Structure formats: C-alpha cells, structure tokens
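Understanding the architecture of this molecule
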Amino acid sequence: MSVGTGDSADAGLYGAEEEDVCRPTDLSELLKEGTKESHNRAENTKFVRDFLKGRIQRETFKLATAALYFTYSALEEELERNKEEPAIVPLYFPQELHRKEALERDLCYFYGDAWAEAIQCSGATEAYVRRIRHLGRTRPELLVAHAYTRYMGDLSGGQILRKVAQRALHLPPTGEGIQFYVFDNVTNAQQFKQLYRARLNALDLDPETKESVVQEANHAFQFNMQVFEELDKIGTALPEAQDGGLPVHDGKGDIRKCPYYAAQQGVPGASGCPFHAAMALARLPHVQALIAAGVTAMVAFLAWYLM
Ligand code: HEM
C-alpha cells in the first residue's frame, strides 16, 4: 500500500533489511501478540466504530487533530532528545514518520493562522503526554512502545480513517485537513512496516525489558482509548450535523436512520435529505408517469433531430 505521494523513501532499500522468518521471542511478534486484545478493544470503541461509519463531526475531528498534535509533539520531542539511545537509534525515522509538522498544517487549515491559541490540551491527552515525557526522562527505551503503537497504527488502520474523514467531512481531494494521514516519505507502507519490525527485532533488549515494552504498548493503547472516550463524550454533546454537510450514506440500509428523514418523518417526499427526497419522489405514480412522458418526448425529439 502506498500512503504517500513523495518518493524520498526507497522501498527497495528498506526491503533489504526485511525478515521473512519470525521467532516468538522477536519483539515485533511479542508486541503484535501482546497487544492483540488492546487493538481489538481500541478498534471497537464507540468513537472508532462511529468514525469508520463516517459518523464524525467536523468539530470532533478538529479536537481529535489537536489531541494528536499534543501527543506527537511530546513523542517526537522525546524521541529527538533520546535519539542517541541504543534502543531509539534504529527506530529514529524523523523524515519518514514524524507527524508534528503535518498536524500543524491540518490545524492551520481548520483553525486558521492563530491555531496555536485556539487549541487546548484535553485532560486525557494531558495524561498521555505526561507519561511520554516521564519515559523520555527516566526510561527512554520504553518510548519504543509509544512509537510502535502510534506509527504502526497510522500506517495501517489510519489509512482507512483518512479516506473516511475526507468523505464524511467533505474535505478537499487535495488533502487539506488530513495531512496527518499522508506519509509523503513512505512509498510503500507494507514494506516500511516490515523494516520497522526488523529494526524492533534487532534491538539488544533482555527479556524483562521486552516484556516492559509490551506492557507499555498496552498502556499506550489505553491512553488512546481514553482520548477516544473523551472525544466521544464531546461529540455526543454536540448538535447534529454541525458541519452543515450531508449525511454520509449510499441510500442503502434503514431510511429511518437518515437524520434528515427522521426530522421530517411522515411527509413523503419532503425529506431534507436530497437523496431520500429524490427516491421518495420517484416512487410516486404521477411522478413516474411524468418521468416516462419526459423520456418519451426526449427520445422523439432526438429521433426528429437526427433524421
Ligand atoms: C480504525 C480502526 C482500526 C483499524 C481498521 C485497524 C486496522 C489495522 C490493520 C488491518 C492492521 C494490520 C496491518 C498489517 O499487519 O500490515 C493494524 C495494525 C496495527 N494497528 Fe490498527 N486498526 C485500527 C485502530 C487502531 C488503533 C486505534 C491503534 C492504536 C492507537 C492501532 C494500532 C495498530 C498497531 C500498533 C498495528 C501494528 C500491529 C503489528 O503488526 O504489530 N490500530 N491495524
């Protein structure tokens, strides 16, 4: 999967370090297995499930972007400060992975030039940031867990969220507002993740430290879920469709779930949702007769014109 548009990362070069054989004691395997349950829970939080269905409001998405900004600022500053640490050196990929600048661009798009004054660090984000800062000062090798949880996730499920957000919030196809999800310097996400796993496996860590990294990755998932919970609460309290956009659907499923339809229930054909309104109108017999007459007239005119 290609997630970026640039080409500074050479996928072939990365491929040279990839490993085909996995051992159960490899840190990448320990992390994948050891966080399976957490991943499952994170994927199934209400916020993420709603997001995947396109049920995200612009205001909530903006707050999520701000939460990510504070988190990645802390993570990337701590990685930078500890970039000479043996556990960090092989996983230090500022060009390919770092998200702070992309998030700044997104925040500028959503909040304008004065974005820095417009955003605040929420309670759940603050706790997450405090943990990252603490590790950066006391146990830098455990930053590996936080980098793994976020960057590997961003290169995986994050790519699905990018498409959903763009569609649900009617964001420009040119990528404004979703730069966070665009890794310009990762040409091939799958290959890059393989390289990252190989680098994780090559770290010289004893079994106890590996176990601590897995435990910390589970904490990282937990911090993320707490941020999701907070965002969900805020989103629930917001008035519906604040972004003024149309509901995201394809006309399939239960029509009663269309908020526009629900608002105007009982008035056939009068739904404010253009799709449902058009479908309801097309079902009326006299409208169908009118459509048929129109089509006949058009065909007759075309036949006369072409003769
Ligand atoms: C929107 C919901 C999500 C979906 C659909 C999703 C999907 C996926 C998929 C398909 C993979 C496998 C990629 C691969 O092996 O190449 C993956 C891996 C991963 N995801 Fe998620 N994910 C979601 C949410 C999250 C969240 C919320 C986090 C953490 C904050 C996360 C963290 C990770 C990590 C760390 C991996 C790498 C696992 C490994 O190979 O070691 N994901 N995700």
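Basis of the calculations
- Residues numbered from 1 in each chain as written.
- Predicted model: local features only at pLDDT ≥ 70, side-chain atom pairs only at ≥ 80, totals over all residues.
- UniProt positions renumbered as here; feature names shortened; annotations may be inferred.
- Helix = DSSP H or I, 4+ residues; strand = E, 2+ residues; numbered from the N terminus.
- Buried ≥ 20, exposed ≤ 12 C-beta atoms within 10 Å, placed from the backbone.
- Contact = placed C-beta atoms within 7 Å.
- Expected span 1.5 Å × (residues − 1).
- Core = buried A, V, L, I, M, F, W, Y, C linked by C-beta atoms within 7 Å.
- pLDDT = per-residue confidence, 0-100.
- Axes fitted to C-alpha atoms, helices over the stretch in contact; angles between N-to-C directions.
- Parallel < 35°, antiparallel > 145°, perpendicular 65-115°, else oblique.
- Left-handed = near helix turned anticlockwise from the far one by under 90°.
- Nonpolar A, V, L, I, M, F, W, Y, C, P; charged D, E, K, R; others polar.
- Near = placed C-beta within 6 Å.

Identification of the protein chain as heme oxygenase (biliverdin-producing) from Xenopus tropicalis is taken from an unreviewed UniProt entry. In its Sequence similarities (unreviewed entry) section, the UniProt record describing the protein chain reads: "Belongs to the heme oxygenase family."

Turning next to the overall build of the protein chain. Helix and strand content of the protein chain: 16 helices and zero strands. Per-residue burial for the protein chain yields a buried fraction of 32% across its 307 residues. A separation threshold of at least 6 residues defines the contact pool for the protein chain, and within that pool the share at least 24 residues apart is 79%.

What follows is about helix α13 (residues 207-237). If you check α13, its first and last C-alpha atoms are 46 Å apart, about what 31 residues at 1.5 Å a residue would give, namely 45 Å. Restricting attention to buried positions, one finds in α13 the residues K210, V213, E216, A217, A220, F221, F223, N224, V227, F228, L231 and G235. The inward-facing, buried residues of α13 abut α2 (27-34), α3 (36-43), α4 (46-52), α5 (58-81), α9 (123-138) and α10 (143-154).

In this section: the environment of A74. Mapped onto the elements of the fold, A74 is located in helix α5. Residue A74 is classed as buried on the basis of its 22 C-beta neighbours within 10 Å. Through-space distance from the C-alpha of A74 to that of K100 is 9.3 Å; in sequence the pair is 26 residues apart. Residues in contact with A74, not counting those within four places in the same chain, are V129, I132 and R133.

As a further point, take the nonpolar core. Counting residues in each nonpolar core, the largest one holds 63 residues, and the members touching the most others are V144, A147, Y148 and A165. Once you skip the residues sitting within four places of it in the chain, V144 turns out to touch A87, L91 and V213.

Moving on: the confidence of the model for the protein chain. Segments scoring low in pLDDT should not have their predicted coordinates read at a detailed level. Here the protein chain averages 83 in pLDDT, and 73% of its residues register 70 or above. Throughout residues 4-12 the model reports pLDDT below 50, and contacts reaching past four residues in sequence, or to other chains, amount to 21 contacts. The model gives residues 242-281 a pLDDT under 50, and that stretch makes 47 contacts with residues more than four places away or in other chains.

Moving on to the packing of α10 against α13. Between two packed helices, both the angle of their axes relative to each other and the distance between the axes serve to describe the pair. It is at 8 Å that the axes of α10 and α13 come closest, and there the two elements cross at 50°. The angle between the axes of α10 and α13 places the two elements in the oblique class. Between α10 and α13 the crossing geometry is right-handed. Across the interface between the two elements, V144, A145, H146, Y148 and T149 of α10 pack against V213, E216, A217, A220 and F221 of α13.

Turning our eyes to something else, we now look at the packing of α5 against α13. In contact at an axis separation of 10 Å, α5 and α13 are set at 155° when each is read in the N-to-C sense. Taken together, the axis directions place α5 and α13 in an arrangement best described as roughly antiparallel. Classified by chirality, the crossing of α13 by α5 is right-handed. Where α5 abuts α13, its residues T60, L63, A64 and A67 lie against V227, L231, I234 and G235. Split by residue class, the contact of α5 with α13 holds six nonpolar, two polar and no charged.

Here we come to unusual backbone geometry. The phi dihedral of H170 is positive, around 55°, even though this residue is not glycine. By secondary structure assignment, the location of H170 is in the loop between α11 (158-168) and α12 (189-201).

Turning next to the site of the ligand. Taken together, 18 residues surround the ligand, and among them K32, M152, G153, S156 and G157 come closest. If you list the elements that add at least two residues to the shell around the ligand, you get α2, α3, α4, α10, α11 and α13. When residues of the shell around the ligand are assigned to their parent elements, the largest contribution, four residues, is made by α10. A class-by-class count of the residues in the shell around the ligand yields nine nonpolar, six polar and three charged.

Topologically, A127 is positioned in helix α9. Given 14 C-beta atoms within 10 Å, A127 falls into the partly exposed group. For A127 and F223, which are 96 residues apart along the polypeptide, the C-alpha to C-alpha distance reads 7.7 Å. Beyond its immediate sequence surroundings of up to four residues, A127 is in contact with F223 and Q226.

With that settled, the discussion passes to the environment of L171. Along the chain, the position of L171 falls in the loop between α11 and α12. Each C-alpha atom, one on L171 and one on R58, is 9.7 Å from the other, the two residues being 113 residues apart in sequence. Among residues more than four places away in sequence, those in contact with L171 are A165, Q166, E176, G177 and I178.

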